[in-house]
Amino acid sequence: MFRVWMRNFRVWQKHIQASLIGNLGQPFLFLLAMGYGLGRQIPTIEGLTYLQFIAPGLVASAVMYSAAFEATYGAYTRLSTQGTFEAILMTPVSVESLTMGEILWGATKGLISGLIMLAALPLFDVIPSYWTALLIPILFLEGMFFAALGLVMTATATNYEFFNYFTSLIITPLFLFSGIFFSIDTLNLKARIAVGTLPLTHVVSLARMLCYGKIGGQWQLHMIITVVTCGICCWIAVVLMRRRLIQ
Amino acid sequence: MSGWFMNEAKSTKTTRPIVEVSGLTKHFGDRPVVKGLDFSIFPGESVGLLGPNGAGKTTTIRMLLGLVRPTDGHIKVFDIPLSGHLRRIKQRIGVSPQMDNLDPDLSVLENLLTYASYFGIKRSSARDRAESLLGFFALGNRSGEIIEHLSGGQRRRLLLARALINSPDLLILDEPTVGLDPQARHLIWERLGALRRHGTTMLLTSHYMEEVSSLATRVIIVDQGRIIASGKPASMVRQMVGIEVLEVSDRSDELKRLATGLRSCDVELDMTKNRLFIYVKKWCPELEAIALSHRQVIKRPASLEDLFLKLTGRTLRED
């Protein structure tokens, strides 16, 4: 598992610049445009300026984008054109280890993007609390979830076009409706339930709580949902990758 | 050549086969690809698996590696059942696949080191081993090169070096020289020949009969998922084809006339539109006459290719 991770890490080191800019561009631009641009005309939400309000959620979204991209476009290249997965499966590495190695790698890339976003927040006058240290393992779990979800897509994909659906039907809606940009508490009950079914919502809520050290109720619920969805998604990814790679 | 690329063949009193396959069957959907193969490979043997495209060779190899699940049948490798012990078995197998799956993002040396890591080989010993293998396959001055900059022959040699990184007890080569020019092919044959003489157990598939003749101690010919012949290449050719072949080119009515004149000889005939193949088991006066008198006749030793064509037919096998 670690060896698969290590292989991807070695390759990533070679493309580090392009990879980082590619994955971080979007969250940073949103922070600028929405936080500074739109935020000046918006009153405080839950006692935070709009920029402060959206910053933790954008950290979570950076993790999502990096992990999901790596596990789709990156992993699909290794699966199809490069034949890397097949080469690995000719060695003692099992499909299960390979899949988990890929998930951990996607999570690592996600976490790196998340950490860079976090580290950059003081530039925008957002000062995270000490509680933020606890956010790091949660972001890693989130990365595992989205890497596993990406691998589910990779295991079922027949070409790169397939990932357009994934991006526009899953990732973008999650980005927009998981409570990064608006307060969930003000929604009516039906909308709140709908938003609550989105996996990213819970990470966004946890990120906001920990970032400003205001641990509200329901944090246990958010934690449980994050852990359980991550576990289930990893399991599905392993099953589908086995089906794809062993005929 | 030092022998450490492969593990020394251990001499045991009762030699158990390295590979033992029985009743091996694979259907993809309702399409049968492999239909009940039985064969064994013994230590030190170099077995050539021959067959036209779609005969089931690659599927068979992939089943030995656990990449394709058999529909039916049993596989034992190193005297261990494959199912449930895949990890242990693959630790001791080296594979050079038909499709080039080198890691394009890594350099030549990094490819070998990364592959070694999948076998749990320590980085320091992996480096020593990788450097010797690169030397053996004439890639010593290429270790820092990006894969994209390598020629087809260099890539194939690197695939072979990679297959040997874990000092395997069984080397599986699926079309090791496919698509290479003669120079590149001969260099690889020469190196593989050295490994074979050293007692390396090999399973090899190829379309180049010359390759199989020189590398395999035994051949198994498969067609449409079944074994249709097996044995030592030279004696198979002698028994089933003959000692020599005459190829006569002429009009078909003239060829028919020649053919009837050979009825009393110990020969087999195969006629295409305007060519007559005479497979000679024993010389007779009528043959001598043709060989001497006919304008367009080629005389050559019988080869594995003749056997192959005789068994699998001259028509194309595209479906």
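Computed from a prediction, not measured in an experiment: that's the story for all the values here. (Residues numbered from 1 in each chain as written. Chains lettered and ligands numbered in written order. Predicted model: local features only at pLDDT ≥ 70, side-chain atom pairs only at ≥ 80, totals over all residues.)

Caption draft 1: View of the overall build of chain B. When you go through chain B residue by residue, the secondary structure sums to 11 helices and 14 strands. Seen along its three principal axes, the alpha-carbon backbone of chain B occupies a region of about 70 × 45 × 45 Å. Going through the 319 residues of chain B one by one, you find that 38% of them count as buried. (Helix = DSSP H or I, 4+ residues; strand = E, 2+ residues; numbered from the N terminus. Buried ≥ 20, exposed ≤ 12 C-beta atoms within 10 Å, placed from the backbone.)

Caption draft 2: Region of the structure containing the sheet that holds strand 13 (residues 275-280) of chain B. Residue and element names in this part refer to chain B. If you walk across this open sheet you meet the 4 strands as 12-13-11-14, and the pairing is antiparallel. Two strands in the sheet have a free side with no partner beyond their single neighbour: strand 12 (267-272) and strand 14 (297-301). On average, adjacent strands in this sheet sit at an angle of 15° to one another, irrespective of strand direction. Its contacts with the sheet place helix 10 (residues 285-293) against strand 11 (244-249), strand 12, strand 13 and strand 14, and it is angled at close to 50° to strand 11. (Pairing = 2+ DSSP bridges. Axes fitted to C-alpha atoms, helices over the stretch in contact; angles between N-to-C directions. Contact = placed C-beta atoms within 7 Å.)

Caption draft 3: Layout of the domain arrangement of chain B. Residue and element names in this part refer to chain B. When cut into domains, chain B gives domain 1 (19-229) and domain 2 (238-312). Each of domain 1 and domain 2 has a C-alpha centre, and these two points are 37 Å apart. Taken together, the contacts link 9 residues of domain 1 with 6 residues of domain 2. Looking at the side of domain 1 that touches domain 2, the elements that each hand over two or more residues are helix 7 (209-215), strand 9 (218-223) and strand 10 (226-231). Element by element, the count of residues in the side of domain 1 that touches domain 2 is highest for helix 7, at 3 residues. Of the residues belonging to the side of domain 1 that touches domain 2, the class tally is 7 nonpolar, 1 polar and 1 charged. (Domains from an automatic or database assignment. Nonpolar A, V, L, I, M, F, W, Y, C, P; charged D, E, K, R; others polar.)

Caption draft 4: Spatial organisation of the interface of chain B and chain A. Listed as interface residues are 21 residues of chain B and, on the opposing side, 20 residues of chain A. Contributions of two or more residues to the side of chain B that touches chain A are made by helix 2 (86-90) and helix 3 (108-118) of chain B. Looking at the side of chain B that touches chain A, the element that brings in the most residues is helix 3 of chain B, giving 5 residues.

Caption draft 5: Fine view of the environment of Met271(B). All names here are of chain B. Within the secondary structure layout, Met271 lies in strand 12. Under the C-beta neighbour-count criterion, Met271 is labelled partly exposed, with 15 such atoms within 10 Å. Spatially, the C-alpha atoms of Met271 and Leu255 are 8.1 Å apart, while their sequence positions differ by 16 residues. Those residues in contact with Met271 that lie beyond four places of it in its chain are Leu255, Ala259 and Leu276.

Caption draft 6: View of the confidence of the model for chain A. Summing up the model confidence of chain A, the mean pLDDT is 86 and the portion of residues at 70 or higher is 99%. Model confidence for chain A, summarised as mean pLDDT per element, is weakest for helix 2 (residues 16-37) of chain A at 76 and strongest for helix 4 (residues 84-89) of chain A at 92. (pLDDT = per-residue confidence, 0-100.)

Caption draft 7: Just unusual backbone geometry, in detail. Residue and element names in this part refer to chain B. Even without a glycine there, the phi angle at Phe78 is positive, about 55°. Topologically, Phe78 is positioned in the loop between strand 4 (72-77) and strand 5 (80-81). Classification of Phe78 as partly exposed rests on a count of 19 C-beta atoms within 10 Å. The backbone of Asp79 sits at a positive phi, close to 65°, despite the residue not being glycine. Take Asp79: it is sitting in the loop between strand 4 and strand 5.

Caption draft 8: Spotlight on the sheet that holds strand 1 (residues 19-28) of chain B. Residue and element names in this part refer to chain B. Read from one edge of the open sheet, 4 strands run 2-1-4-5, paired in antiparallel fashion. Two strands lie at the open edges of the sheet, namely strand 2 (31-41) and strand 5, each paired on one side alone. When strand 1 meets strand 4, the two strands line up antiparallel, connected through 5 bridges. From the neighbouring strand, Val19 faces strand 4, where its bridge partner is Val77. Contacts from helix 1 (residues 57-64) reach strand 1, strand 2 and strand 4 within the one sheet, and its direction differs from that of strand 1 by about 115°.

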